[in-house]
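One-letter residues, chain by chain:
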Amino acid sequence: MTTEATPRAAADATPHRAWKSLQNVRIVKEEAPVRERPAPAPPPARMAAAPYQAYKPRPFTRAEREQVTVLFGGLHWRVERVIQGALENLGYNARVLPTATTADLMKGREVADIGQCCPTSFTTGNLANFLGGEAARLGAEEVNQRYVYVTAGSCGACRFGQYHQSYELALRNTGLSSFRMFLLGQEGLDQGAAPGGGLELNLPFTLGAVWAIVLTDVVQDLEYQIRPYEKNPGETDRVARESVELLYEAFRRRPLRGGDKLGSVVWHLSTGYFVDAMREVRRRFDAIELDRLRVKPVVKITGEFYLQTVEGDPNHNIHRWLETEGAEVYPAGITVWLDYLMRLGVQDLEDRAGLRRGARTKALALRSVQRLLRWTHDRMRRALGGAPRAMPEQNELRRLAAPWFNSRLNGGEGDMLVGKALWAHQNKKAHMICELSPYSCMPNTMSVGAMAGVLGKHPDLLYAPIEIKGDAEVHALSRCQMILTEAKKRAQREFDAVLVQTGHTPDSLRAAAARHPELACATVPIPRYGVAGGAANFALHVAALDKAAARSAA
Ligand code: SF4
């Protein structure tokens, strides 16, 4: 508001007149400027403000392939590195996302559904944090142009079928809704090209990934059998890193023979190319010096796929933690999961035999693929000297789990968790089972429930289910430690019984082992003698060799 003096008021000089003149002052009201109402902020994407529209990425064209980097991750470092080599071999620029951290879990909960299972939160936050960092460095538009993300997915009872929706929500909530993400389904081997042809999900692509999984599984198994017994700390890690780099190079230079159809399958199955690479890996592991008479409990890792596979924050770094606590870890192979998926496919087709045309033939074909996978796994084990462990038989796992878990319930790992726990226990593959159960995972909750029944029938099975939710690490690990203490006692009792049985002492066993120089080789397979521990089996083997040598000398 302002005042405006009339000409008369201005002329008045005396106070009285001035006062009088004030009465003539005209009040002029200034009109307040009309303020535009700010447009309402767009609602967070998790609220339904508009009809749902399925995410449809912009095409990734063939012409863009040289400029665009394909991002992927969510496995362990060995297989990720070798898959990177397989992708580069096909002309892609590939980059592995860093291993997820607790900060990624928090981010995943912030930008996507907070109630989702913790592996989804870890991987969603991992992608969001990586892209966010790159966007801050390069700008969002450049990130949209420079990267695409490839993720596995499926349909089914658990969150695995919705990972890509979670990523999509996270991308919208981080201002990267134009970012391109492609789903690699598990429904078929030859999936054609993603829109635009930049990503060809053909047989050389799939076979490269599968062979990378098989080879690195076998290397990982050997690495975990050797590290707890190495005489020079750090040697196994160094050799494992060198070996993975060697395999990365082998896959990067893979000859692309047989075209992109059946010929490619035949070449991968028949070539000696990968066997030669594995023999070179064996040569490096051979040189590691071991003390095989260290008594250690063997801990079989089971659980949800992501948590049992990854090595880092998402599972409290459980593999390394167990080793530092004095255990030998029996890791979970990814090939076992591929085998399981095929078993599900076979049993599904068998259920429909006589009802759906061609079901029997398809079941037969899929069973043959399953056998070829096992054959390839065994071939690579042999290339490493035979020490890496064979895969469990899927039908055996199903039979063992059947009284407690229906084999047609196929979310997550289905009946495999119960089957693997019983298989490892009854066949003396491990002293203890450590099951990694994600927070908010429906299939895993069912398995843990079923295990209550299993333990009622098998009270001597040492079972440590650990709920993983990103926090309460000390709580989770101390729970595991309690069971591990009992497993250590069991391993020691088992070894002591072997000493009594063989009449040896640790020193006499060392002396006897020195008489068999082939045992100094780290990749020599030690037969199993019905006991679980590495030291106990080694002692029985040395005693058997000594006995045989004495017999032949007599
Ligand atoms: S198995 Fe469980 S943790 Fe894994 S994706 Fe499915 S719901 Fe999530």
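Preceding this section is the structure that the text describes.
Residues numbered from 1 in each chain as written. Predicted model: local features only at pLDDT ≥ 70, side-chain atom pairs only at ≥ 80, totals over all residues.

**Overview of the site of the ligand**
Argument step 1. Taken together, 14 residues are adjacent to the ligand, and Cys-117, Cys-158, Arg-159, Gly-412 and Cys-441 come closest.
Argument step 2. At the level of secondary structure, the elements contributing two or more residues to the shell around the ligand comprise helix H5 (118-138) and helix H18 (442-457).
Argument step 3. Broken down by element, the residue count for the shell around the ligand peaks at 3 residues, all from H18.
Argument step 4. Considered class by class, the residues forming the shell around the ligand number 9 nonpolar, 3 polar and 2 charged. (Near = placed C-beta within 6 Å. Helix = DSSP H or I, 4+ residues; strand = E, 2+ residues; numbered from the N terminus. Nonpolar A, V, L, I, M, F, W, Y, C, P; charged D, E, K, R; others polar.)

**Considering the sheet that holds strand S9 (residues 298-303)**
Argument step 1. Pairing in this open sheet of 4 strands is parallel, and the strands run S10-S9-S11-S12 from one edge to the other. The open sheet terminates on both sides in strands that have one partner only, identified here as strand S10 (328-330) and strand S12 (463-468). The average undirected angle you get between the axes of adjacent strands in this sheet is 25 degrees.
Argument step 2. Both S9 and strand S11 (residues 432-438) contribute to a ladder of 5 bridges, which runs parallel. Looking at S11, one finds that Ile-301 is bridged to Cys-434. (Pairing = 2+ DSSP bridges. Axes fitted to C-alpha atoms, helices over the stretch in contact; angles between N-to-C directions.)

**Quick look at the nonpolar core**
Argument step 1. Judged by nonpolar contacts, the single largest core of 66 residues is most densely connected at Val-82, Ala-170, Ala-212, Leu-215, Leu-247 and Met-278.
Argument step 2. With 13 residues, the top contributor of residues to this core is helix H8 (residues 203-226).
Argument step 3. Domain assignment of the residues forming this core places at least three in each of domain 2 (62-200) and domain 3 (202-293).
Argument step 4. Not counting chain neighbours up to four residues away, the residues in contact with Met-278 comprise Leu-215, Met-380, Ala-383 and Leu-384.
Argument step 5. Grouped together as the second largest cluster of nonpolar side chains are 63 residues, Cys-118, Val-298, Phe-305 and Leu-540 included. (Core = buried A, V, L, I, M, F, W, Y, C linked by C-beta atoms within 7 Å. Buried ≥ 20, exposed ≤ 12 C-beta atoms within 10 Å, placed from the backbone. Domains from an automatic or database assignment. Contact = placed C-beta atoms within 7 Å.)

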